[in-house]
Amino acid sequence: MADQADQADQASTPRHYICIHGHFYQPPRENPWLEAVETEDSAAPYHDWNDRITAECYAPNGASRVLDGQSQIIRIVNNYSRMSFNFGPTLLRWLEENAPRTHRMICSGDQKSAIRFGGHGSAIAQTYNHIIMPLANTRDRITQIRWGAADFEHRFGRKPEGMWLPETAVDLETLDLLAQNGIRFVILAPHQCLRVRELNEASAQPMLPELDGDGAKWTETPNASVDTHRPYLVSLNEGRNISVFFYNGPASRAIAFEGLLNRGESLAGRLAGSFDPNTNAPQLVHVATDGESYGHHHRHGEMALSYAFQLIEDNKLAELTNYSEYLSSFPPTWEAEIVEDTSWSCVHGVERWRSNCGCNGGRPGWNQKWRTPLRAALDWLRDTIAPLTERTGRGLFKDVWSARDAYIEVILALPSERTRAVDRFLEDHAIDVLLQADRTRALKLMEMQRHAQLMYTSCGWFFDDISGIETVQVIAYAARAIQLAADVFGMARKKFEADFLKILAKAQSNLPEWKDGAEIYRRTVAALEVTLEQVAAHFAIASCFSSYSEQTSLFCYTIRRQDYDVATSGRARLVIGQAQITSNITEESETFLFAALHFGDQNVTAAVKRFEEEDLPAFATFKEKCHAAVTQGILPEVVRLIDSYFGGSPYSLVSLFTDDQRRILRLILQSTLGEVERSLAAIYEEHASLLHFLSTAGLPKPQVLTMAAGFAINASLRRALEGDPIDTARVRSLITLAKNDGLSLDQYELSYLVDQRMKHAMVSLETKPLDAELIEQTTALARTVRELPFRLNLWQAQNIWYDTLTASPEFLKDLGHPTADQWLERFLELGRQLGIAAEQLVVEDMTPATLEETARQAETQISSS
């Protein structure tokens, strides 16, 4: 009887489930000609915004911290293993190349979630580059779905069950294409539901007519009144269907915009309190927001999330799940119809991406009338190159559109694998073995189509003005497509470009200085374009400041030096040579002759020309004369010779690509800035006692003296923190001086410097974990770091500490037991100085459960050996 009572209690217990979905995405930022993200000053001190948001969000969610009452770390959690998530494929590609550890944590999170959630991984796919699907033509929608699915399978090792629609923009054709490609479900906003009704219980199939026998009537869902606790089935063409989860709108808004992430308890309580108490049927409370809410938009949002997960699990508030597991356990018992051409971020449907609908950043007096001609210009470009693609493609591919869908295999290949991927792609899709010229033409055709996809990235329409960086980016993709089209189709580029700009000129900027889209194209986008000649010029100028090997990689180009000479005279340096420049993307290749002369400081002049065999005798004579002139110190004669041989010297320091330009300018400015620092430091030191007196007496301090003191203190702090080892006494003294004199510290820059310094110290220790002196130095550094009066992010250093400790049983075997005990105690002390409650730390999915047990295990293994 007792067993029966228990079973009855279990049957009557509400089955409550919680799922939190994060849509992780950043607009692609790569220069279309370099295939790399260049320095973005607004993201400083990070290199670019991808780099910064990775540090603030994507990486911390892979190893989120739970703290105790003393702000010590007691738990490390991979949030990706407990939440539902999707990453934009273009962002994942950047992470794979630039933040591989974070990329691994994301993929590992999906693997761990499959163990936790009945074999169903939590990651879902996304259409490839965040285009608004209802505004795309059918062919492009198919490519977006297939590229997104292929990228997902490449990274997560399985086919996707769900797919995120950018901006949740949806229509029935898109859902039908998803179903045709094996996608089981999507996630939509509640206001995108038109009406619902129960399925025919006998068949659990949609009822096609308005009423089917005694079937249920449709219930309209105005004002997003759909019951979000269950999945719904949407019927499609030819008997196909797809499941839809309409997320909890109010709770999602509270996470994104209303401060619900300020405390993990608040998040857990809000979700657990969102169940319907009037039913015992299975219920799913689920939310969907931008993933950047968890750490970037809301500082430490990832910690609130991991703490909420812990509270939900520990207090049995509900069961955590993901959409795939829930759908398999509880298939839809209701069906829905969607409101077509709608999205989650535009109350006017999808108008934000094609018209002046009123959705914008709210700048008074501004309009977004530019959206319509921008889309018209891109549509014109797409529709103009499509028939030309088919005509040209017939001479290269068995089926050019099937080849485009399959080109994702090449896109996914890392640089070291690209040639093999191209070989396989052409073997499968080319009509025959292609000679190099046709091989390059085929690749250019595919690249043209890739950029014709990228130019529709939704971010180009989202913000206030056509001059914004996101819109400039999509116009740059269009410019790259135009360049490639002119090459492949043998078109007159100026005429082709002029026709495009005629439409783009109708897109008027809100800023008079930018005028319109055509002006933005000419002034901003055209400056981004890179030719093989410009790559040669960059290499020539950079060679004045750096030493390169016979073969080197420069962004997406390979440079092979075939001839190279250097001559110097005082500060002047002349480089002359011959180099082959090859695009790793299209395999296009040319050989150039070059010369560059650096007089000193920023004064550089350079010239290049395409190599012709008959140039060799004259080039040899030119080199001899230049060497003689440099040896004699007659630099004006060198300039005259360069101008005479090359027909001018149009390249200078401003011709360098942004990253190298910044690097070289830092080298040039190093001595100048050093002089300025020394001068200001001298002023401060001479008048420091006066400044101390004014501060102590509460008297006004001259602004110029405060400025000199602040500069000197911050410069001295940077030098002290960069020292090896860090001059800890000097750091303490400078911080005390700054505090006493009321001087502002460059907290963000210094914090970033310290974070990196601590990380590098841990990297060094990881390579020599048994070096007792190195452990002591690193611990002393950590103690100093804890005293600094600004926020730090020691996330990377803490992770390396954990990785090193959990590897300890292997490398401690050679130590005697007492020595091993000493090592473990020193290393645990280092952890404590890094803010880790070392003996109590619980790491997700780790066996044994605590690091204290790991340490004991290490001791046991050492003793037994």
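Asks: Just to check I follow, could you spell out the overall build of the protein chain for this structure?
Replies: A tally of helices and strands in the protein chain yields 31 helices and 20 strands. C-alpha extents for the protein chain along the principal axes are approximately 105 × 75 × 65 Å. For the protein chain, buried positions account for 55% of its 865 residues. Total accessible area on the protein chain is roughly 37,000 Å²; 50% of this is exposed by carbon and sulfur atoms.

Asks: Help me out: how do you make sense of the sheet that holds strand β19 (residues 603-610) in this one?
Replies: As a general point, the strands of a sheet are linked pairwise by backbone hydrogen bonds and lie either parallel or antiparallel. Read across the open sheet, the 5 strands follow the order β15-β16-β17-β18-β19; overall the sheet is antiparallel. Every interior strand has two partners, whereas the edge strands, β15 (551-554) and β19, have only one. For this sheet, the mean angle separating the axes of adjacent strands, direction not counted, is 30°. When strand β16 (residues 557-569) meets strand β17 (residues 572-583), the two strands line up antiparallel, connected through 12 bridges. Considered in β17, the bridge of Arg560 is made with Gln580. Packing of helix α22 (residues 635-646) onto the sheet brings it into contact with β17, β18 (589-600) and β19, and relative to β18 it is tilted by some 160°.

Asks: Teacher, can you tell me more about the side chain of Ser509 here?
Replies: The topology assignment puts Ser509 in the loop between α18 (493-504) and α19 (517-528). According to the relative accessible area criterion, Ser509 is buried, its value standing at 13%. One polar contact links Ser509 to Asp465, side chain to side chain, over a distance of 2.8 Å. Those residues in contact with Ser509 that sit more than four places away from it in its chain are Asp465, Ile466, Ser467, Trp514, Lys515 and Asp516.

Asks: Where do I start with the packing of aromatic side chains in this structure?
Replies: The geometry of an aromatic ring pair is captured by the separation of the ring centres together with the interplanar angle, meaning the angle of the planes. In this structure the tally under the stated criterion is 36 aromatic pairs. Measuring from centroid to centroid gives 5.0 Å for Phe462 and Phe463, while their planes differ by 75°, and the two rings are edge-to-face. For Phe463, a relative accessible area of 39% translates into the label partly exposed. Pairwise contacts between aromatic rings join Phe24, Tyr58, Tyr80, Phe85, Phe87, Phe152 and Phe156 into one cluster. Taking NZ or CZ as reference, Arg139 lies 3.9 Å from the ring centre of Trp401, over its face. The ring centre of Trp370 lies 5.9 Å from the NZ or CZ of Arg371, which sits over that ring.

Asks: When you look at the pattern of salt bridges in this model, what are you seeing that I'm missing?
Replies: Side-chain pairs of opposite charge can arise where the charged atoms are in close proximity. Per the stated rule, a full pass over the model turns up 54 salt bridges. Here Glu56 and Arg52 are joined by a salt bridge, their closest N and O atoms 3.0 Å apart. Within this pair, Glu56 and its partner Arg52 are both found in helix α2 (residues 49-58), separated by 4 residues, close to a single helical turn. Like Glu56, the residue Arg52 is buried in the burial classification. The structure contains a network of salt bridges with shared partners spanning Glu35, Arg418, Glu447 and Arg450.

Asks: For this particular structure, what's the right way to read the sheet that holds strand β10 (residues 232-235)?
Replies: The mixed open sheet is built from 6 strands, whose spatial order is β7-β11-β10-β14-β8-β9. Every other strand in the sheet has two partners, leaving β7 (185-188) and β9 (219-220) as the edge strands with one partner each. Where β7 meets strand β11 (residues 241-246), 4 bridges bridge the pair, whose relative direction is parallel. From the neighbouring strand, Phe185 faces β11, where its bridge partner is Ser243. Where helix α6 (residues 172-180) meets the sheet, it contacts β7, β10, β11 and β14 (334-338), and its direction lies at approximately 115° from that of β11.

Asks: It is not clear to me how the nonpolar core should be interpreted in this structure. Could you clarify?
Replies: Side chains of nonpolar character tend, in soluble globular proteins, to be buried together. Ranked by size, the top nonpolar core spans 173 residues in total, and within it Phe87, Leu175, Phe397 and Phe500 carry the most contacts. Considering every element that reaches this core, the biggest residue donor is helix α17 (residues 469-489), with 13 residues. With near-sequence residues (within four places) excluded, Leu175 lies in contact with Leu165, Val170, Val186, Val234, Leu236, Ile242 and Ile338. Core analysis: the next-biggest nonpolar cluster, separate from the first, contains 53 residues, Phe790, Ile800, Trp801 and Phe827 among them.

Asks: Would you mind showing me how to read the pairing of strand β12 (residues 283-290) here?
Replies: Successive residues of a regular strand alternate their side chains across the two faces of the sheet. Taking burial as the measure, the 8 residues of β12 include 7 buried ones, the bulk of the element. When strand β1 (residues 16-24) meets β12, the two strands line up parallel, connected through 8 bridges. When the bridges of β12 are listed, Cys19 appears paired with His286.

Asks: Looking at this model, I keep getting lost on helix α9 (residues 301-314). Mind explaining?
Replies: With 14 residues, α9 extends 20 Å from end C-alpha to end C-alpha; this agrees with the ideal 20 Å at 1.5 Å per step. Summarising burial for α9: 11 of the 14 residues are buried, a large majority. Structurally, α9 contributes buried residues whose contacts are with β1, α2, β2 (64-67), β3 (73-77), α8 (264-272) and β13 (319-320). Lys316 lies just past α9 and shows a positive phi near 50°.

Asks: Which parts of the structure should I look at to understand unusual backbone geometry?
Replies: Apart from glycine, the bulk of residues carry a negative phi angle, and the bulk of peptide bonds sit in the trans form. Following Ala44, the chain continues into Pro45 via a peptide bond in cis, with omega recorded as 5°. Its location among the elements puts Pro45 in the loop between β1 and α2. Residue Glu167 is not a glycine yet carries a positive backbone phi of 60°. Topologically, Glu167 is positioned in the loop between β6 (163-164) and α6. One non-glycine residue, Glu587, lies in positive phi territory at about 65°. Counting through the fold element by element, Glu587 comes out in the loop between β17 and β18.

Asks: So what exactly am I meant to see when it comes to a nonpolar patch on the surface here?
Replies: On the surface, a cluster of nonpolar side chains totalling about 280 Å² of accessible area is made up of Leu690, Phe693 and Leu699. Relative to the assigned elements, Phe693 resides in helix α23 (residues 658-697).

Asks: Would you explain the packing of helix α21 (residues 616-631) against α22 in this entry?
Replies: Packed helix pairs are specified by the crossing angle of their axes together with the interaxial distance, meaning the distance between the axes. In contact at an axis separation of 9 Å, α21 and α22 are set at 165° when each is read in the N-to-C sense. Here α21 is positioned roughly antiparallel relative to α22, judged by the angle of their axes. At the point where α21 passes α22, the crossing takes the left-handed sense. Contact with α21, carried on its side by Ala618, Phe619, Phe622, Lys625, Cys626, Ala629 and Val630, involves Glu637, Val638, Leu641, Ile642, Tyr645 and Phe646 of α22 and no other residues of that element. The residue inventory of the contact of α21 with α22, partitioned by class, reads 11 nonpolar, no polar and 2 charged.

Asks: Where do I start with the environment of Thr228 in this structure?
Replies: By the secondary structure assignment, Thr228 is in the loop between β9 and β10. Overall, Thr228 belongs to the buried group, its relative accessible area being 10%. Through-space distance from the C-alpha of Thr228 to that of Thr658 is 49 Å; in sequence the pair is 430 residues apart. Leave out the neighbours within four places in its chain, and Thr228 touches Pro190, Phe246, Tyr247, Asn248, Leu284 and His286.

What counts, and at which threshold
Residues numbered from 1 in each chain as written. Predicted model: local features only at pLDDT ≥ 70, side-chain atom pairs only at ≥ 80, totals over all residues. Heavy atoms only, no water. Helix = DSSP H or I, 4+ residues; strand = E, 2+ residues; numbered from the N terminus. Buried < 20%, exposed > 50% of the residue type's maximum accessible area, 1.4 Å probe, protein only. Areas by Shrake-Rupley, 256 points an atom, 1.4 Å probe, with all protein chains shown as cover. Pairing = 2+ DSSP bridges. Axes fitted to C-alpha atoms, helices over the stretch in contact; angles between N-to-C directions. Contact = heavy atoms within 4.5 Å. Polar contact = N/O pair within 3.5 Å; in protein donor to acceptor, adjacent residues only side chain to side chain. Phe/Tyr/Trp six-rings, centres within 6.5 Å; stacked < 30°, edge-to-face > 60°. Lys NZ or Arg CZ within 6 Å of the ring centre and 35° of its normal. Salt bridge = Lys/Arg side-chain N within 4 Å of Asp/Glu carboxyl O. Core = buried A, V, L, I, M, F, W, Y, C linked by side-chain atoms within 4.5 Å. Expected span 1.5 Å × (residues − 1). Patch = residues over 30% accessible without salt bridge, like charges linked within 9 Å, V, L, I, M, F, W, Y side chains within 5 Å. Parallel < 35°, antiparallel > 145°, perpendicular 65-115°, else oblique. Left-handed = near helix turned anticlockwise from the far one by under 90°. Nonpolar A, V, L, I, M, F, W, Y, C, P; charged D, E, K, R; others polar.

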